[in-house]
Amino acid sequence: MPLRRSHLNAALAFATLCAFIFPTSIHATVPIHRGTPSRSAPATKVTNNRAIYTLSPTFVITDVPVTRTFDWTLSLATGAPDGVEREMMVINGQFPGPLIEANQGDTIIVNVRNGMTTGAGIHWHGIAQKGTDWADGVPGVSQCPIPAGSTFTYKLTVANQFGTFWWHSHMGNTMADGLLGPLIIHSPNDPNVRGRDYESERIIILGDWMHDMSDVIIADLLTVDGYRNSTGAPVPDALLINGVGVYNCSSVTNTSCTTQPLPEIDVVPNSSYRIRIINTMHYKFSIDSHPLKITAADDTAISGPKALHQLPIGIGQRYDAIIKTTVGTHGSAYYVRAAMCAASIANVPSNYDITALAVLRYVATGSKATTTLPSSTDWSDSVNNDTTCYDLDTTGTSVFGFITNSALESIAHFFWNSVTWTNYIYKPMLFTLKNGGSLNSSIITHAIFPSTGAADIIINNHDGGIDHPYHLHGNAFYLVSRGSGLLTATEYAARNTSSFNTTNPLRRDTLVISRSSYAIIRIITDNPGVWPLHCHIGWHLGVGKMATIVVQPAAIRNLSVPAAATALCDASNIPAGDTVNTTAPGRKRRSTGADLTAYVLRGLNNAIEHRRAIKLLD
């Protein structure tokens, strides 16, 4: 049933002033690489476990729930994803981190031992966490940090979801130091069936890499001079596919550097593969000579393009695609390409190589893999230097704005409605509300939805120079409208909502909104909790670009929170030098920007029809 205006009980406009702010004396020249890591690395070496990229064809997909337990140890180690050695943060000594594979309805228990010297928190990206907001993994929002030397257990039941997810650190931007990995949920309800629609599954993780630790970068970004003479998000030192990048070692001094071979993805000829693509950087993804049949966006099954050559994919997003390995024979090889969308980063040098490569290699059963590099070429219709980053959307077109810069201050911050998030990491907002308190609007922009219903959230990207990926915790949303320019609540109220796509809109949890543009997302407010809504460019989040959606505060008071979760906030777990009023690095208060406005439609009850398989694009 299409959703009409009469089904809405709330509409909220977020005016997001997200301006890159540059000192007037600093202009757009940024070194391509610095080359030398910021500090010496530990003796323990990081491994890249290739087994996590191949899902077992014997994994039993069932609706009989079980409990699956995983034991993780966080530690510091020496790694070289792009060949340049540096200190990393890893889980069980590997990067990317361990695979979690389960079925819809399973209970997942993850015992986390923090063997690092700083606090930690792990977020399960895309998992709704119904009834378990305390396990969402965001220090300062849903938990206190897991102290160094301590152990904490996350427990989540994936009741009504399946698809491709991922997990990552949500403490500062330590995700950029190595704390991330795949999370796959199977289901008999999945319309894409192993053995019928595809034979095997592969995981491809796209990312980027810096030679400095994230705390060094964020500290520099909060100075007038910025990091590498820029207050914008830094240009990556390397681009990664499945944790591997290639760096020119001739420019490296004072540390070990090894030229890496390209990562390889082996496939059997004359078969079909479900490729689960997890992305931590803005990219356009393609495989030479192999069209992509798009079957899922985030955790929503879709009827997408049947023969797509190049897939735009934003930070935090996931896509599933099916490919057929009928193009070549044993020994054939083709490049896998991830072309970075430079419109999400300021000041990308003209000579920067924006494309990461891997090799798709045909290996017949029982045969030895060949080693020859591909001679394949990119699709002739590929566009690798777009001036905007965009989503694969319901119309197949993207209408976006233009480039302007704002020179308000000399230090870069990001705001939601004139407020930069100040993260009191030992005062989680969830616990504040559970104990009957309220949130301070001067340190976090937040919207409150007191009851179950449907609500529209208007996200305006005021940033005239950068495209931003927005991720909402706890709730997948429906994209009902988007466009160029900015949209006020008054304009929304006057709009004929029959133009909204409410018959079968795309449902996902992460959306790219380009510069000077807006999107209207619709949520169902049936999941009590405090849910972050933030830019998923980690460096932007690290300097305060986050708001929260508070759903049913009265019900939050009745949420069950394990004693171990509240104990993380005990005074004995606050490290020396910190106090209960300590804020996380990168959270600074600001007082300029746009205003938050709300538009409420009263007496309206029904919510949108949940359809898992949608028509996206022919």
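Given the structure is predicted, the values throughout are model-derived calculations rather than measurements. (Residues numbered from 1 in each chain as written. Predicted model: local features only at pLDDT ≥ 70, side-chain atom pairs only at ≥ 80, totals over all residues. Heavy atoms only, no water.)

1. Considerations on helix H1 (residues 214–221)
Part 1 of the argument: Among all positions of H1, only Ser-214, Ile-217, Ile-218 and Leu-221 are buried. Each buried residue of H1 sits inside an arc of 95° when the element is viewed along its axis, so together they form one side. (Buried < 20%, exposed > 50% of the residue type's maximum accessible area, 1.4 Å probe, protein only. Helix = DSSP H or I, 4+ residues; strand = E, 2+ residues; numbered from the N terminus. Arc of directions from axis to C-beta.)

2. A look at the pairing of strand E3 (residues 67–79)
Walk down a regular strand and you will see the side chains alternate between the two sheet faces.
Part 1 of the argument: Here E3 pairs with strand E6 (residues 107–114) via 8 bridges, running parallel. Bridge pairing in E6 places Thr-67 opposite Thr-107.
Part 2 of the argument: Bridge count for E3 against strand E4 (residues 86–91) is 6 bridges, and the pairing is antiparallel. Directly across from Thr-78, in E4, lies its bridge partner Glu-87.
Part 3 of the argument: Where E3 folds back on E4, the antiparallel hairpin that results is connected by 6 residues, among which Gly-83 adopts a positive phi of roughly 100°. (Pairing = 2+ DSSP bridges.)

3. Some thoughts on the state of the cysteines
One covalent bond between the sulfur atoms of two cysteine residues makes up a disulfide.
Part 1 of the argument: Per the counting criterion, the structure on display carries 2 disulfides.
Part 2 of the argument: In this model, Cys-144 is linked to Cys-569 through a disulfide, with the two sulfur atoms separated by 2.1 Å. The sign of the S-S torsion, about 105°, decides the handedness of the disulfide formed by Cys-144 and Cys-569: right-handed. Of this pair, Cys-144 sits in the loop between strand E7 (122–125) and strand E8 (151–157) while Cys-569 sits in the loop between helix H6 (563–567) and strand E31 (597–599), and the two are 425 residues apart along the sequence.
Part 3 of the argument: Using a relative accessible area of 19% as the deciding quantity, one classes Cys-569 as buried. (Disulfide = S-S within 2.5 Å.)

4. Brief notes about unusual backbone geometry
Glycine aside, residues mostly have negative phi, and peptide bonds are mostly found in the trans state.
Part 1 of the argument: Residue Pro-96 is bonded to the preceding Phe-95 through a cis peptide linkage, with omega at -10°.
Part 2 of the argument: Tracing the backbone shows Pro-96 in the loop between E4 and strand E5 (100–103).
Part 3 of the argument: A positive phi angle is found at Arg-228, which is not glycine, with a value near 55°.
Part 4 of the argument: For Arg-228, the location among the structural elements is in the loop between H1 and strand E12 (238–241).
Part 5 of the argument: You can call Arg-228 buried: its relative accessible area is 10%.

5. Focus: the confidence of the model for the chain
Part 1 of the argument: Chain-level statistics for the chain give a pLDDT mean of 82 and a share of 83% at 70 or above.
Part 2 of the argument: Confidence drops under pLDDT 50 across residues 13–38; counting only partners more than four residues distant or on other chains, this segment forms 120 contacts.
Part 3 of the argument: Considering only residues more than four positions removed or in separate chains, one finds that residues 394–415, a stretch of pLDDT under 50, has 79 contacts. (pLDDT = per-residue confidence, 0-100. Contact = heavy atoms within 4.5 Å.)

6. Quick notes on the pattern of salt bridges
Part 1 of the argument: On inspection of all chains with the given rule, the structure shows 20 salt bridges.
Part 2 of the argument: For Arg-196, the salt bridge identified is with Asp-197, shortest N-O distance 2.8 Å.
Part 3 of the argument: The class for Arg-196 is exposed, based on a relative accessible area of 57%.
Part 4 of the argument: Looking at Asp-197, the relative accessible area reads 23%, which means it is partly exposed. (Salt bridge = Lys/Arg side-chain N within 4 Å of Asp/Glu carboxyl O.)

7. Thoughts on the packing of aromatic side chains
Part 1 of the argument: Using the criterion set out here, one finds 8 aromatic pairs in the structure.
Part 2 of the argument: Between the aromatic rings of Trp-72 and Trp-167, the centroid separation amounts to 4.5 Å while the plane-to-plane angle is 45°, which identifies the pairing as tilted. Of the two residues, Trp-72 is situated in strand E3 and Trp-167 in strand E9 (residues 163–169); the sequence distance between them amounts to 95 residues.
Part 3 of the argument: Relative to Phe-152, the ring of Trp-134 has its centre 6.2 Å away and its plane inclined at 90°; by these criteria the two rings are edge-to-face. Taken together, the residues Trp-134 in the loop between E7 and E8 and Phe-152 in strand E8 connect sequence positions 18 residues apart. For the pair shown, Trp-134 and Phe-152 are each scored as buried.
Part 4 of the argument: By the ring-pair criterion, three or more aromatic residues cluster together here, those being Trp-72, Trp-124, Trp-134, Phe-152, Tyr-154 and Trp-167.
Part 5 of the argument: The ring centre of Tyr-424 lies 5.5 Å from the NZ or CZ of Lys-427, which sits over that ring. (Phe/Tyr/Trp six-rings, centres within 6.5 Å; stacked < 30°, edge-to-face > 60°. Lys NZ or Arg CZ within 6 Å of the ring centre and 35° of its normal.)

8. So, the sheet that holds strand E21 (residues 355–362)
Part 1 of the argument: Taken in spatial order, the 5 strands make up an open sheet running E13-E21-E20-E15-E18, and their pairing is mixed. The open sheet has two edge strands, strand E13 (264–267) and strand E18 (311–313), and neither has a second partner. Averaged over neighbouring strand pairs, the angle between their axes works out to 25° when direction is ignored.
Part 2 of the argument: Note: E13 against E21, 4 bridges, orientation parallel. (Axes fitted to C-alpha atoms, helices over the stretch in contact; angles between N-to-C directions.)

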